[in-house]
Amino acid sequence: MTSARPPYIGRFAPSPTGPLHLGSLVAAMASYLDAKVHQGQWLVRIEDLDRDRNVAGVDQHILASLQRCGMQWDGEVTWQTLRTDLYEAALAQLGDAGAVYPCACSRKEIQDSQVRLGHASSALVYPGTCRNGLAPGKAARAVRLRTPQAPHRVICFHDRWHGEVCQDLTAEVGDFVIRRADGFWAYQLAVVVDDGAQGITDIVRGADLLDSTPRQLYLQELLGLPQPRYLHVPVVANADGEKLSKQTGAQAFDNGAPVEQLLQSALLPAARFLGLDVQAGSVEGFWRGAVPAWARLLAARGA
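This section reports on the structure supplied with the text. (Residues numbered from 1 in each chain as written. Predicted model: local features only at pLDDT ≥ 70, side-chain atom pairs only at ≥ 80, totals over all residues. Heavy atoms only, no water.)

Structural notes on the state of the cysteines
Operational definition: Two cysteine sulfurs form what is called a disulfide whenever their separation falls within 2.5 Å. Each helix is a run of H or I in the DSSP string that is no shorter than four residues. Each strand is a run of E no shorter than two, and both are numbered from the N terminus.
Evaluated as defined, the whole model comprises one disulfide. Shown here is the disulfide that connects Cys156 with Cys166, its sulfur atoms set 2.0 Å apart. Of note, the bridge from Cys156 to Cys166 carries an S-S torsion of about 110° and is right-handed in sense. Remark: Cys166 occurs in strand 7 (residues 163-168) and Cys156 occurs in strand 6 (residues 154-159); sequence separation between them is 10 residues. The cysteine Cys130 is free of any disulfide, with Cys105 supplying the nearest cysteine sulfur at 3.7 Å.

Okay, structure coming up:
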């Protein structure tokens, strides 16, 4: 007899590097709709650990944009920079298990190693230079997580949008960073710890993060955390095929736009991109139509 799934808890976790735009609105909308269809909670977490890229005031602008679009979160908003004690505890747990080690390698040194190994055109996979200790005269820069070497660790999971996804963590990723050389916590560790601490059961986000999921599943396993369900929606691209972002010309969300403009330039285009047929003359009317439209889309995809 299988146990019942815990109550649905989803989340939207933007980084405050730029205002909400169509690309990030698509991810927010998908996660919000999924929570509503499952009669669950929808949390918002500001992922502001990369202080060098944060833009002052953008976190509040994003929150105001979500509310302007009619998306109200449950509970209180959290900021990652207020949760560093959780990451320290996770690192200590991994250290006690012998799962991490200090690394002195720079990105250029890793790239040079790839060239020497004849893998210059492949993904940047760490060759394990510091696995057995730092070389004489070398100082630790980052902290890396050990991945199984023999046999290779292949991680598979079912994505509600893409189906079965597998990754050879050893060959395709290698030992990956969980604390960066600049002292900031790496995304992979922070997101896993936060999702576990907040009881997240379902993660709906952009497909640009599909490749990160096996690393997060492995970390969840090592830390003894429950593994959420995943759904990765397509990402909006610009005319050159690049993911839409502030750096690739995304137009910032205008919180002062009238309702008609809000619908025509933001909500309806985002819904159409997700494959939802929604007609509405108001924000409230939009969501009344979007929730059942998302439910129909999930049913058609078997998600």
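Don't stop here, the text continues.
Looking at the environment of Thr170
Let me state the cut-off plainly: By the criterion applied in these results, polar contacts are pairs of N or O atoms within 3.5 Å in which, for protein atoms, one can donate a hydrogen and the other can accept it, and in which residues neighboring in sequence qualify only through two side-chain atoms.
Topologically, Thr170 is positioned in helix 5 (residues 169-172). One polar contact links the side chain of Thr170 to the main-chain carbonyl oxygen of Pro148, over a distance of 2.4 Å.

Here we look at the nonpolar core
The following threshold applies: Among the buried residues, those of types Ala, Val, Leu, Ile, Met, Phe, Trp, Tyr and Cys that are joined through side-chain atoms within 4.5 Å form a nonpolar core. Throughout, exposure labels follow a simple rule: accessible area from a 1.4 Å probe, protein chains only, divided by the maximum for the residue type, with under 20% read as buried, over 50% as exposed, and the rest as partly exposed.
If you look at the biggest cluster of nonpolar residues, it comprises 47 residues, and the most contacted ones within it are Leu66, Phe286, Trp287 and Trp294. When residues of this core are traced back to their parent elements, those giving at least two are helix 1 (22-37), strand 2 (41-46), helix 2 (58-68), strand 10 (229-233), helix 8 (259-273) and helix 9 (283-301). For this core, the leading source of residues is helix 1, giving nine residues. Counting 32 residues, the second largest nonpolar core, distinct from the first, contains Ile178, Val193, Tyr218 and Leu223.

Quick word on the packing of aromatic side chains
Cut-off, in case you're wondering: Pairing of aromatic rings covers Phe, Tyr and the six-membered ring of Trp, with a centre-to-centre limit of 6.5 Å; geometry is then stacked below 30 degrees between planes, edge-to-face above 60, and tilted otherwise.
Summed over all chains, the structure comprises six aromatic pairs. On the basis of an interplanar angle of 80° and a centroid distance of 5.0 Å, the ring pair of Tyr32 and Trp42 is categorised as edge-to-face. Placement of the pair is Tyr32 in helix 1 and Trp42 in strand 2, with a sequence separation of 10 residues. Residue class for Trp42 comes out buried when judged on its relative accessible area of 0%.

Re helix 8
So the rule is basically this: Expected helix span is computed as 1.5 Å times (number of residues minus one). Consider a residue and the seven residues that end there alongside the seven that start there; fitting an axis to each set, the bend is the angle between those axes.
Counted at 1.5 Å a residue, the expected span for helix 8 with its 15 residues is 21 Å, and the 20 Å between its end C-alpha atoms agrees. Approximately 30° is the largest bend angle found in helix 8, and it occurs at Leu267, with the proline Pro269 only one to four residues beyond. Within helix 8, burial applies to Leu262, Leu263, Ala266, Leu267, Leu268, Pro269, Ala270 and Ala271. Gly275, located one to two residues past helix 8, shows a positive phi value of around 90°.

Observations regarding the sheet that holds strand 8 (residues 176-179)
We apply this condition: Pairing between strands requires that DSSP locate at least two bridges from one strand to the other. Comment: axis = line fitted to C-alpha atoms, over the contacting stretch for helices; angle = value between 0 and 180 degrees taken between N-to-C directions. Throughout, a residue-residue contact means that at least one pair of heavy atoms, one from each residue, lies within 4.5 Å.
Judged by pairing direction, the sheet is antiparallel, and its three strands sit side by side in the order 4-5-8 without closing on themselves. Of all the strands in the sheet, just strand 4 (100-103) and strand 8 have a single pairing partner and so form its edges. Direction aside, the axes of adjacent strands within the sheet are offset by 45° on average. Pairing geometry for strand 4 and strand 5 (residues 142-145), over four bridges, is antiparallel. Of the residues in strand 5, the one forming a bridge with Cys103 is Ala142. Along the sheet, helix 3 (residues 84-96) contacts strand 4, strand 5 and strand 8; its crossing angle with strand 8, the most-contacted strand, is approximately 130°.

A few points about the pairing of strand 10
Our working rule: With the strands pointing away from the viewer, any crossover whose connection runs clockwise from the first strand over the helix to the second is right-handed.
The element strand 10 is largely enclosed, with a buried count of four among its five residues. Across five bridges, the pairing between strand 9 (residues 202-206) and strand 10 is parallel. Looking across to strand 10, one finds that Arg205 is bridged to His232. One crossover worth recording links strand 9 to the parallel strand 10 by way of helix 7 (residues 213-223), and it is right-handed.

Focus: the pattern of salt bridges
Pairing between side chains of opposite charge can happen when their charged atoms approach one another. Applied cut-off: Here, a salt bridge means any side-chain nitrogen of Lys or Arg that lies within 4 Å of a carboxyl oxygen of Asp or Glu.
The final tally for this structure, using the stated rule, is 14 salt bridges. Measuring nitrogen to oxygen at the nearest pair gives 2.8 Å for the salt bridge that ties Arg160 to Asp34. Taken as a pair, Arg160 in the loop between strand 6 and strand 7 and Asp34 in helix 1 lie far apart in primary sequence, 126 residues in all. Exposure remark for Asp34: the relative accessible area of 0% places this residue in the buried category. Notably, a salt bridge pairs Asp50 with Arg180, separated by 3.5 Å at the nearest N-O pair.

Examining the sheet that holds strand 1 (residues 9-12)
Read across the open sheet, the three strands follow the order 1-2-3; overall the sheet is parallel. Two strands lie at the open edges of the sheet, namely strand 1 and strand 3 (78-79), each paired on one side alone. Sheet strands touched by helix 2: strand 1, strand 2 and strand 3. Its angle to strand 2, the strand with the most contacts, is close to 160°.

A look at the side chain of Thr81
Its location among the elements puts Thr81 in the loop between strand 3 and helix 3. A polar side-chain atom of Thr81 sits 2.7 Å from a polar atom in the side chain of Asp48. Setting aside its immediate chain neighbours within four residues, Thr81 contacts Asp48, Leu49 and Arg51.

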